[in-house]
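Listed here are the chains, written in short residue letters.
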Amino acid sequence: MADLGSASSKRMWCSIPERMQLHVAMLALQFGYAGFHVVSRAALNMGVSKLVFPVYRNIIALLLLLPFAYFLEKKERPTMTLNFVCQFFLLALVGITANQGFYLLGLENTTPTFASAIQNSVPAITFLMAAIFRIEQVRLNRKDGLAKVAGTVLCVVGATVITLYKGPTIYSPATRVNSSSNITPQIFDFGSLSLGDAKGKNWTLGCLYLIGHCLSWSGWLVLQAPVLKKYPARLSVTSYTCFFGLLQFLVIALVLERDSQAWLFHSGAEAFTILYAGVVASGIAFAVQIWCIDRGGPVFVAVYQPVQTFVVAIMATIALGEEFYLGGIIGAVLIVAGLYFVLWGKSEERKFAREQLAIASTAEHSIIRPASHAKASLNQPLLSSSSENV
């Protein structure tokens, strides 16, 4: 019965058009990442080491992905060569070590909402990198090309505003509670560990770290596309990337983390944050993301980023008592506007390509048809003529 139900569910999923599957997968991925922003900040507030956290995260992700990659892609997996080893090492350096390292450093000095807001610049940066590597084409004599360039500029301006201008507090859950009562508000606790917003941040430095995180993430998205063409086993690519990322983080942690207690879990809450990061934000997210990159392209994956910002804002306010600042809100609006300029430009580009393909196909048919008719007349010219006379 279980097998029958599983087969039925598989048939139902396969009956959904692939484009719809991609949209559903990306939407679910953004909710998973939104939870990760809040969970990661909670882990940092509880004192989890920034060096140990990614080591455990990637161990869990690798253990989750490895069996599926080994058994499901035996026939698809090409022979490993030194060239592939170098490419996987580079993917890990950019997409795991730099990406996760810059993210944790940036998150420590900002908030989950603004970390997510700056990540909205990833589509524009991805588009810019894809254009440089000629994966994407930019035609400035057409409106789609101008829209993509304008969107990129808006995203850069938005990220700059967030970085350089914090501004006054627009909304503070703690302030709102204190104004109506003299009782100090209680932020969510896991046992005796407060998950409230940590103090002593360097906002500008944190935003610069997050920009480095966005550059790394965009580079990872772009670099994966050519690798997948040569090495089509998606889960294996993700597993190798996790493996080399784990080795890199392990070396860094062993050299720089001097406190042996940092490697131990001090509460169930700490264990939960690491488990969530490894299973949801790395294992499942990497597998879904690399499938979407393979099927929809790097820009398609990046354009879903703004969904996170709104979900994170709600989660962080409830769980962490996070404040909203004017600079972050202005920057987020500019980034989202820029994102959708890029998205609209991509849509217009696809529409133009379909129109050109239809025109070319019509022209080709009109050329082939007279040619085939002339060939038939040459083969049997007299038969055709006599038949018409009769």
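As a reminder, the structure under discussion sits directly above these lines.
Please read all numbers here as calculations on a predicted model, not as lab measurements.

Caption draft 1: Region of interest: the pattern of salt bridges. Under the defined criterion, the tally for this structure stands at four salt bridges. With a shortest N-O distance of 2.9 Å, R142 and D144 are connected by a salt bridge. A salt bridge links K143 to E348; the nearest nitrogen and oxygen atoms lie 3.6 Å apart. In this pair, K143 sits in helix α7 (residues 143–164) while E348 sits in helix α14 (residues 326–379), placing the two residues 205 residues apart along the sequence. Using a relative accessible area of 52% as the deciding quantity, one classes K143 as exposed. When its relative accessible area of 13% is taken as the criterion, E348 is described as buried. The network of salt bridges with common partners includes K143, E348 and K351.

Caption draft 2: Representation of the environment of T273 in the model. Mapped onto the elements, T273 comes out in helix α11 (residues 268–296). Not counting chain neighbours up to four residues away, the residues in contact with T273 comprise V39, A43, M46 and F53. Looking at T273, its side chain comes within polar contact range of the main-chain oxygen of E270, at 2.6 Å.

Caption draft 3: Quick look at a nonpolar patch on the surface. Taken together, V138, L140, L146, V149, V153 and V157 make up a surface patch of nonpolar side chains, about 470 Å² in accessible area. Within the secondary structure, V149 is located in helix α7.

Caption draft 4: View of the packing of aromatic side chains. Applying the stated rule across the entire model yields 14 aromatic pairs. A ring pair is formed by F88 and Y231, whose centres lie 5.2 Å apart and whose planes are at 90 degrees; its orientation type is edge-to-face. Of this pair, F88 sits in helix α4 (residues 82–109) while Y231 is found in the loop between α9 (203–230) and α10 (234–256), placing the two residues 143 residues apart along the sequence. A relative accessible area of 0% means that F88 is categorised as buried. A relative accessible area of 0% means that Y231 is categorised as buried. Grouping aromatic residues by their ring pairs yields a cluster made of F84, F88, Y231 and Y240. Against the face of F352 rests R142, its NZ or CZ located 3.8 Å from the ring centre.

Procedures and definitions
Residues numbered from 1 in each chain as written. Predicted model: local features only at pLDDT ≥ 70, side-chain atom pairs only at ≥ 80, totals over all residues. Heavy atoms only, no water. Salt bridge = Lys/Arg side-chain N within 4 Å of Asp/Glu carboxyl O. Helix = DSSP H or I, 4+ residues; strand = E, 2+ residues; numbered from the N terminus. Buried < 20%, exposed > 50% of the residue type's maximum accessible area, 1.4 Å probe, protein only. Contact = heavy atoms within 4.5 Å. Polar contact = N/O pair within 3.5 Å; in protein donor to acceptor, adjacent residues only side chain to side chain. Patch = residues over 30% accessible without salt bridge, like charges linked within 9 Å, V, L, I, M, F, W, Y side chains within 5 Å. Areas by Shrake-Rupley, 256 points an atom, 1.4 Å probe, with all protein chains shown as cover. Phe/Tyr/Trp six-rings, centres within 6.5 Å; stacked < 30°, edge-to-face > 60°. Lys NZ or Arg CZ within 6 Å of the ring centre and 35° of its normal.

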